Amino acid sequence: MEIDMLDRQIVDALRVDGRAGFSRIAELLGVSDQTVARRFRRLRTEAGVRVVGLPNGVRLGYDKWMIRVQSTPAARQPSPRRSPVAPTRHG
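Residues numbered from 1 in each chain as written. Predicted model: local features only at pLDDT ≥ 70, side-chain atom pairs only at ≥ 80, totals over all residues. Heavy atoms only, no water.

### Here's the deal with the environment of E2
Here E2 is to be found in the segment before α1 (5-16). With relative accessibility at 68%, the residue E2 sits in the exposed group. The spatial distance from the C-alpha of E2 to the C-alpha of A47 is 9.2 Å, given a sequence separation of 45 residues. Those residues in contact with E2 that sit more than four places away from it in its chain are D7 and R42. (Helix = DSSP H or I, 4+ residues; strand = E, 2+ residues; numbered from the N terminus. Buried < 20%, exposed > 50% of the residue type's maximum accessible area, 1.4 Å probe, protein only. Contact = heavy atoms within 4.5 Å.)

### Structural notes on the nonpolar core
Of all hydrophobic cores here, the largest spans 11 residues; its members are L6, I10, A13, L14, A20, I25, A26, V36, F40, L43 and V49. Elements supplying a minimum of two residues to this core: α1, α2 (22-29) and α3 (33-47). Setting aside anything within four residues of it in sequence, one finds V36 in contact with I10, F22, I25, A26 and V31. (Core = buried A, V, L, I, M, F, W, Y, C linked by side-chain atoms within 4.5 Å.)

### Looking at the pattern of salt bridges
Taken as a whole, this structure holds 5 salt bridges when the rule is applied. Taking the shortest distance from any N to any O, the salt bridge between D7 and R42 comes out at 2.8 Å. Here R42 lies in helix α3 and D7 lies in helix α1, a separation of 35 residues in the sequence. The closest approach of N and O atoms between E27 and R24, which form a salt bridge, is 3.3 Å. Note that E27 and R24 are positioned in helix α2 at a spacing of 3 residues, about one turn of the helix. Here E27 falls in the exposed class, since its relative accessible area comes to 58%. By sharing partners, the salt bridges in this structure join D4, D7, R39 and R42 into a single network. (Salt bridge = Lys/Arg side-chain N within 4 Å of Asp/Glu carboxyl O.)

### Re the packing of aromatic side chains
For the structure on display, the rule yields 1 aromatic pair. On the basis of an interplanar angle of 50 degrees and a centroid distance of 5.6 Å, the ring pair of F22 and F40 is categorised as tilted. Of the two residues, F22 sits in helix α2 while F40 sits in helix α3, which places them 18 residues apart along the sequence. With a relative accessible area of 31%, F22 lands in the partly exposed category. (Phe/Tyr/Trp six-rings, centres within 6.5 Å; stacked < 30°, edge-to-face > 60°.)

### Remarks on α1
In this model α1 runs 17 Å from its N-terminal to its C-terminal C-alpha over 12 residues, within 8% of the 16 Å that 1.5 Å per residue would give. In this structure, the buried side of α1 is in contact with α2 and α3. The N-cap of α1, judged by a side-chain oxygen 3.2 Å from the amide nitrogen of L6 a few residues on, is D4. (Expected span 1.5 Å × (residues − 1). Polar contact = N/O pair within 3.5 Å; in protein donor to acceptor, adjacent residues only side chain to side chain.)

Right, here's the structure in full:
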């Protein structure tokens, strides 16, 4: 599937506001709402584009952690299965 400039503009508009209606996006891009709807369906079906809601963990009070692990291939050993660690909340 080839993604052209209009497809990219639609995706960018949805990045800014994932709840924007096709008519609003069409108005901003200077095309018809049917064009936006058709392009979005194609992007969703053929390119796997999805609009999802993600919480902002920092605003919800969760700590943000980054862990860097390095090892050599010879040092690799099976590790015991561990349960996932839940994010912590500030008091």
